[in-house]
Amino acid sequence: VFDRIPGFVATAHNADDNLETLLFRIARGTGLKGLCGIPPRRGNLLRPLLTCTREEIEAFLAAQHYEYITDSTNLTDGCSRNILRHHAMPAMRTVNPAASRKASELCTILREEEAFLETLTDRCYAESLQPDGSLTGLGAQPEVHGLTNSIVGQDEYTNTELPSFFTTVRNAFP
């Protein structure tokens, strides 16, 4: 099927890869966007297997008499992702055998919430932007600083430039 979609590339990223990515980002530090996991589509990249576990993919391949090929670099603890794959992932499956699927469900929810916040932020920004490029009613509001970092990026605004922006956000949902 995918060889008939010109201009697109399908990857074999799966639910286990998504959980590894999520754990890796948590370990390194991330915000809402990073907690969204691997996107099902980014530009011309499609990830049709993102909701399938590696175990399901291997079972399907075996039923079709295809051999699963393992990259030998995945077999050692020589990189951080492999440490997570060999040690954290089995621990996660001990806690919940459906951990990869549950992480994929979480990532789907967080992608939807992140998209909503991004749309709302764009709208509020447009309403707060003045013709001279400034934002109206600027001042510090520590309670919105964390949300600001998640939505608009840590360095995009200073704490003294945000109050009217978030007043607009609050007023959008009375």
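Given the structure is predicted, the values throughout are model-derived calculations rather than measurements. (Residues numbered from 1 in each chain as written. Predicted model: local features only at pLDDT ≥ 70, side-chain atom pairs only at ≥ 80, totals over all residues. Heavy atoms only, no water.)

**What about the overall build of the protein chain?**
At step 1: The secondary structure content of the protein chain amounts to seven helices and three strands.
At step 2: What you see in the protein chain, going N to C, is helices and strands ordered as β-α-α-β-β-α-α-α-α-α.
At step 3: Counting over 174 residues, the protein chain shows a buried share of 30%.
At step 4: The contacts in the protein chain between residues at least 6 apart in sequence include a share of 65% that link residues at least 24 apart.
At step 5: Approximately 11,100 Å² of the protein chain is accessible, and the part contributed by carbon and sulfur atoms is 58%. (Helix = DSSP H or I, 4+ residues; strand = E, 2+ residues; numbered from the N terminus. Buried < 20%, exposed > 50% of the residue type's maximum accessible area, 1.4 Å probe, protein only. Contact = heavy atoms within 4.5 Å. Areas by Shrake-Rupley, 256 points an atom, 1.4 Å probe, with all protein chains shown as cover.)

**What to know about the nonpolar core**
Within soluble globular proteins, side chains that are nonpolar tend to cluster in buried spots.
At step 1: The biggest cluster of nonpolar side chains holds nine residues, and these are Leu19, Leu22, Leu23, Phe24, Leu84, Met89, Ala99, Ala103 and Cys107.
At step 2: It is helix α1 (residues 15-28) that contributes the most residues to this core, four residues altogether.
At step 3: Ignoring anything within four residues of it in the chain, the contact list for Ala99 reads Leu19 and Met92. (Core = buried A, V, L, I, M, F, W, Y, C linked by side-chain atoms within 4.5 Å.)

**Describing the side chain of Thr11**
At step 1: Relative to the assigned elements, Thr11 resides in the loop between β1 (9-10) and α1.
At step 2: In this view, Thr11 contacts Leu45, Leu46, Arg47 and Pro48; residues no more than four positions away in its chain are not counted.

**Comments concerning the packing of aromatic side chains**
At step 1: Throughout the structure, instances matching the rule amount to zero aromatic pairs.
At step 2: Above the ring of Phe24, the side-chain terminus of Arg81 is found at 5.5 Å from the ring centroid. (Phe/Tyr/Trp six-rings, centres within 6.5 Å; stacked < 30°, edge-to-face > 60°. Lys NZ or Arg CZ within 6 Å of the ring centre and 35° of its normal.)

**Observations regarding the sheet that holds β1**
At step 1: One open sheet holds the three strands; their spatial order is β1-β3-β2, and the pairing between them is mixed. The sheet is open, and its two borders are formed by β1 and β2 (41-42), each paired with just one other strand.
At step 2: Across two bridges, β1 lies against strand β3 (residues 45-46) in parallel orientation. In the sheet register, Ala10 faces β3, and the bridge partner there is Leu46. (Pairing = 2+ DSSP bridges.)

**Comments concerning the packing of α1 against helix α4 (residues 80-95)**
Axis angle and axis distance: for two packed helices, these are the angle between their axes and the distance between the axes, and together they describe the pair.
At step 1: In the contact formed by α1 and α4, the axes pass within 10 Å of each other and the chain directions differ by 105 degrees. On the basis of their axis angle, the class for α1 and α4 is roughly perpendicular. Facing Asp16, Asp17, Leu19, Glu20, Thr21, Leu23 and Phe24 of α1, the residues of α4 in contact are Ser80, Arg81, Leu84, Arg85, Ala88, Met89, Met92 and Arg93.
At step 2: Tallied by class, residues from the contact of α1 with α4 come to seven nonpolar, two polar and six charged. (Axes fitted to C-alpha atoms, helices over the stretch in contact; angles between N-to-C directions. Parallel < 35°, antiparallel > 145°, perpendicular 65-115°, else oblique. Nonpolar A, V, L, I, M, F, W, Y, C, P; charged D, E, K, R; others polar.)

**So, the pattern of salt bridges**
At step 1: In total, this model carries eight salt bridges according to the counting rule given.
At step 2: We note a salt bridge from Glu58 to Arg54, for which the minimum N-O separation is 2.7 Å. You can see Glu58 and its partner Arg54 sitting in helix α3 (residues 54-63), four residues apart, about one turn around the helix.
At step 3: Between Glu105 and Lys102 there is a salt bridge, and its shortest N-O distance comes to 3.3 Å. With a gap of three residues between them, Glu105 and Lys102 both fall in helix α5 (residues 99-128), about one helical turn apart.
At step 4: For Glu105, a relative accessible area of 36% puts it in the partly exposed group.
At step 5: Taken together, the shared-partner salt bridges connect Glu20, Arg81 and Arg85 into one network. (Salt bridge = Lys/Arg side-chain N within 4 Å of Asp/Glu carboxyl O.)

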